Amino acid sequence: MNIILCGPPGAGKGTQAGHIVKNFNLYKVSTGDLLRDEIKNNTDLGNKIKSKLDQGLLVSDDIINNLIVTILSDKKYYNRLIFDGYPRNLNQAKSLDLLVKKYNQKISCVLNLNVDKKSIIKRILGRLVCTKCGLTFNKYFNPPNKDKHNCNLKYLKTRTDDNENTIKNRFETYAKETLPILNYYADQKILHKIDGSREIDQIYVEIRSIIASLET
């Protein structure tokens, strides 16, 4: 199965995607991670991407779609993908539909995490990412400890784009560009709306139930 995980920045998509990957043997496709890898390589494209992300803007559809083609065309990921935060607008959603059909796959369901703007700001300002293992924590809602995180605390960092002005811009961009795709998937009857303001475990119980129902 292929799953799309939607929600505003800071809604907890990465955390829930991690649980799904572990329990359902799927591969996570995070365009944010793919873009940050490009930035880390310090290419001309990476520098352009960084400039846009720092302003809270979206990267062009062409760049994103090319990254997605690379994943979909790889047979080891056939029908076992979870898209974390992609597609981000209606054009990307329509493009993804064409691409999955081209590679003889399908989107099984779309999970949308609903979280209000005030909570989003607090979540992102408290976000900590381990630069060694890639796990994400939050100093307010999901603090790292020895049971959850084996790496040294020195590897926990905040993202350069995790500041209040950028967060507000990203939320407004999300509202304008991404919300319309929810109607698109609702029309296909594959959209599931989830209250993302609850505890992480409570959210995952609902998600796990939805995914399990797809396998029957």
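Going by the structure above, here's the rest.
All of these numbers come straight from a predicted model, not from anything done at the bench.

A two-sided burial pattern is seen for strand S5 (residues 127-130), the buried positions comprising Arg 127 and Val 129 on one face and Leu 128 and Cys 130 on the other. Direction of pairing for S5 relative to strand S6 (residues 136-138): antiparallel, over a ladder of three bridges. Among the inter-strand pairings, Val 129 is bridged to a residue of S6, identified as Thr 136. Counting the residues between successive antiparallel strands, the hairpin from S5 to S6 contains five residues, one of them, Gly 134, with a positive phi of roughly 90 degrees. The sheet contact formed by S5 and strand S7 (residues 156-157) spans two bridges and is antiparallel. In the sheet register, Val 129 faces S7, and the bridge partner there is Lys 157.

Time to look at the side chain of Asp 97. Relative to the helices and strands, Asp 97 resides in helix H5 (residues 90-102). No salt bridge is formed by the buried Asp 97; the nearest opposite charge belongs to Lys 101, separated by 5.7 Å. For Asp 97, the side chain forms a polar contact with the side chain of Tyr 184, separated by 2.5 Å. Setting aside residues no more than four positions away along its own chain, Asp 97 makes contact with Ile 107, Tyr 184 and Gln 188.

Here the focus is the pattern of salt bridges. For the coordinates displayed, the defined rule picks out five salt bridges. A salt bridge links Arg 36 to Asp 33; the shortest N-O distance between them is 3.1 Å. Pair noted here: Arg 36 and Asp 33 are both in helix H2 (residues 31-40), with a separation of three residues, about one helical turn. According to the relative accessible area criterion, Arg 36 is partly exposed, its value standing at 27%. Residue Glu 206 is joined to Arg 198 by a salt bridge in which the shortest nitrogen-to-oxygen separation is 2.6 Å. What makes Glu 206 partly exposed here is its relative accessible area of 27%. Residues participating in the shared-partner salt-bridge network are Lys 28, Asp 33, Arg 36 and Asp 84.

Counting across every chain of the model gives four aromatic pairs. Seen from their ring centres, Tyr 27 and Tyr 77 are 4.0 Å apart, and the 20 degrees between their planes marks the pair as stacked. Residue Tyr 27 is located in strand S2 (residues 27-30), and its partner Tyr 77 is located in the loop between helix H4 (61-72) and strand S3 (81-84); the two are separated by 50 residues in the primary sequence. According to the relative accessible area criterion, Tyr 77 is buried, its value standing at 13%. Ring centres of Phe 171 and Tyr 174 lie 6.5 Å apart, and the angle between their planes is 50 degrees; this geometry places the pair in the tilted category. Taken together, the residues Phe 171 and Tyr 174, both in helix H7 (residues 164-177) and three residues apart, mark about one turn of the helix. The class for Phe 171 is buried, based on a relative accessible area of 17%.

Cut-offs used in this document
- Residues numbered from 1 in each chain as written.
- Predicted model: local features only at pLDDT ≥ 70, side-chain atom pairs only at ≥ 80, totals over all residues.
- Heavy atoms only, no water.
- Buried < 20%, exposed > 50% of the residue type's maximum accessible area, 1.4 Å probe, protein only.
- Helix = DSSP H or I, 4+ residues; strand = E, 2+ residues; numbered from the N terminus.
- Pairing = 2+ DSSP bridges.
- Lys, Arg positive; Asp, Glu negative; His and termini not counted.
- Salt bridge = Lys/Arg side-chain N within 4 Å of Asp/Glu carboxyl O.
- Polar contact = N/O pair within 3.5 Å; in protein donor to acceptor, adjacent residues only side chain to side chain.
- Contact = heavy atoms within 4.5 Å.
- Phe/Tyr/Trp six-rings, centres within 6.5 Å; stacked < 30°, edge-to-face > 60°.

Interpretation in functional terms is not warranted from these geometric data alone.
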